[in-house]
Amino acid sequence: MQTQSKFRLLVVRLGAMGDILHALPAVTALRLAHPGWAIDWVVEPRWQALFTAEDGLGRVVSQPLVNRVHFAPTKEWRKAPLSEKTLREIKLLRRTLRAGEYDVVLDLQGAIRSAVVGRMAKCRRLVGEAEPRERAARWLYSERVATSGKHVIEQDVELAAALAGDELTPAIPLLPTDPVAEAWAREMLGGAEAAVLINPGAGWGAKRWPLERYAAVANKLIAKGFRVVVNAGPGEERLADDLYRATGNAATPLSCSLGQLISLTRRVALVIAGDTGPLHLACALGRPI
């Protein structure tokens, strides 16, 4: 078991939101098992709210899981790989990661770009899956872990357990608490005793449950007295509006920030989500679906 209190771990999981949330139970298990460890994370900037809540002056008010968040805007880099801005940001990230003097880098993405970011830290141990999502990434790892879990959450826990030498089980994710967003969520739900959050969107159409089925579920829930809130991510506003109309304008369409979505989800009775989503935000509540 890796027990030294000054142990430094770098986690690489750049995106997307659902994939990061799937990785959180494994890293939270490590945090709970080893509270003295320094655990840092490299992520795309747009997902900062999954790790850190800030006040209006940019001061951190909640960061329960990680010690530090590093940003790697790899999607922007791919648009202009040779631009002065891209090269400057890559050099800065590489210098920052090397200064971290990490004992282990854990790649929970299994992609070539995440493995390359992990290599930037110049760490002796770069741990990844033996059969990563992009097979070529395995050649960048110094340690390859064979996993047998059926779900990616289970596989990530196996990776985390292997690097630490622990027996770990998935833990309810430690997500930040934003006081302003919490107040907004309380006001948003008002006096509703039972609320349901529905997210009909997904990365692409083939991953979406048919809208008429969401409507059927929403209407039955409304009939039973539930307050139904329909979350719309960027570009999904039409889905939320269609579902709103399909419920006779009884559901509440909503577009909000990621921090607000975290706070709202803490308060709802149930999460019905597209994509691989029932686990996405239900994890934050500790409520299986």
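Not measured: the values here are computed from a predicted model.

(A) Structural context of the sheet that holds strand β8 (residues 143-145). Ordered by their spatial adjacency, 6 strands build an open sheet running β5-β2-β1-β6-β7-β8, and the pairing between neighbours is parallel. Looking at the sheet topology across the chains shown, the edges are occupied by β5 (68-71) and β8. In this sheet, adjacent strand axes meet at a mean angle of 25° when their direction is disregarded. Inspection of the sheet shows strand β1 (residues 8-12) paired to strand β2 (residues 38-43) by 5 bridges, in the parallel sense.

(B) Local environment of the packing of helix α1 (residues 17-33) against helix α5 (residues 152-164). The interhelical angle for the contact between α1 and α5, taken along N-to-C directions, is 30°, at an axis separation of 8 Å. Here α5 runs roughly parallel to α1, going by the angle between their axes. Viewed along their axes, α1 and α5 form a crossing whose handedness is right-handed. Between α1 and α5, the contacting residues are H22, A23, P25, A26 and L30 on the first element and V152, I153, D156, V157, A160 and A164 on the second. Its residues assigned to classes, the contact of α1 with α5 shows 9 nonpolar, 1 polar and 1 charged.

(C) Layout of the pattern of salt bridges. Going through the model one piece at a time under the given rule, you end up with 12 salt bridges. Measuring nitrogen to oxygen at the nearest pair gives 3.7 Å for the salt bridge that ties R13 to D19. Exposure remark for R13: the relative accessible area of 6% places this residue in the buried category. Between E131 and R135 there is a salt bridge, with the nearest N and O atoms lying 2.4 Å from each other.

(D) Inspection of a positive patch on the surface at higher detail. Judged by side-chain charge, K91, R94, R95, R98 and K122 come together as a positively charged surface patch. Exposure remark for R95: the relative accessible area of 55% places this residue in the exposed category.

(E) The arrangement of the pairing of β2 in detail. The buried fraction of β2 amounts to 6 of the 6 residues, a majority that puts the element mostly inside the structure. Neither face of β2 is left uncovered, since the one carrying A38, D40 and V42 and the one carrying I39, W41 and V43 both have all their residues buried. Each parallel crossover has a hand, and the one from β1 via α1 to β2 is right-handed. In the sheet, β2 pairs with β5 via 4 bridges, with the strands oriented parallel. For D40, the partnering residue across the bridge sits in β5 and is R68.

(F) Expanded view of the nonpolar core. Residues L9, W41, F51 and L163 are the most contacted members of the largest nonpolar core, which totals 37 residues. For this core, the secondary-structure elements that each account for two or more residues are β1, α1, β2, β6 (104-107), α5 and α9 (258-267). Here this core takes 8 residues from α1, the largest share from any one element.

(G) Quick peek at the packing of helix α6 (residues 179-189) against α9. Look at α6 against α9: their axes get within 8 Å of each other, and the N-to-C directions meet at 55°. In this view, α6 runs oblique relative to α9, as classed from their interaxial angle. Note on packing geometry: the crossing formed by α6 with α9 is right-handed. Between α6 and α9, the residues in contact are A181, E182, W184, A185, R186, M188 and L189 and G259, Q260, S263, L264, R266 and R267, respectively.

The rules behind the values
- Residues numbered from 1 in each chain as written.
- Predicted model: local features only at pLDDT ≥ 70, side-chain atom pairs only at ≥ 80, totals over all residues.
- Heavy atoms only, no water.
- Pairing = 2+ DSSP bridges.
- Helix = DSSP H or I, 4+ residues; strand = E, 2+ residues; numbered from the N terminus.
- Axes fitted to C-alpha atoms, helices over the stretch in contact; angles between N-to-C directions.
- Parallel < 35°, antiparallel > 145°, perpendicular 65-115°, else oblique.
- Left-handed = near helix turned anticlockwise from the far one by under 90°.
- Contact = heavy atoms within 4.5 Å.
- Nonpolar A, V, L, I, M, F, W, Y, C, P; charged D, E, K, R; others polar.
- Salt bridge = Lys/Arg side-chain N within 4 Å of Asp/Glu carboxyl O.
- Buried < 20%, exposed > 50% of the residue type's maximum accessible area, 1.4 Å probe, protein only.
- Patch = residues over 30% accessible without salt bridge, like charges linked within 9 Å, V, L, I, M, F, W, Y side chains within 5 Å.
- Areas by Shrake-Rupley, 256 points an atom, 1.4 Å probe, with all protein chains shown as cover.
- Lys, Arg positive; Asp, Glu negative; His and termini not counted.
- Charge placed at Lys NZ, Arg CZ, Asp CG, Glu CD.
- Right-handed = clockwise from strand over helix to strand, strands pointing away.
- Core = buried A, V, L, I, M, F, W, Y, C linked by side-chain atoms within 4.5 Å.

The analysis is restricted to geometry; functional conclusions fall outside its scope.
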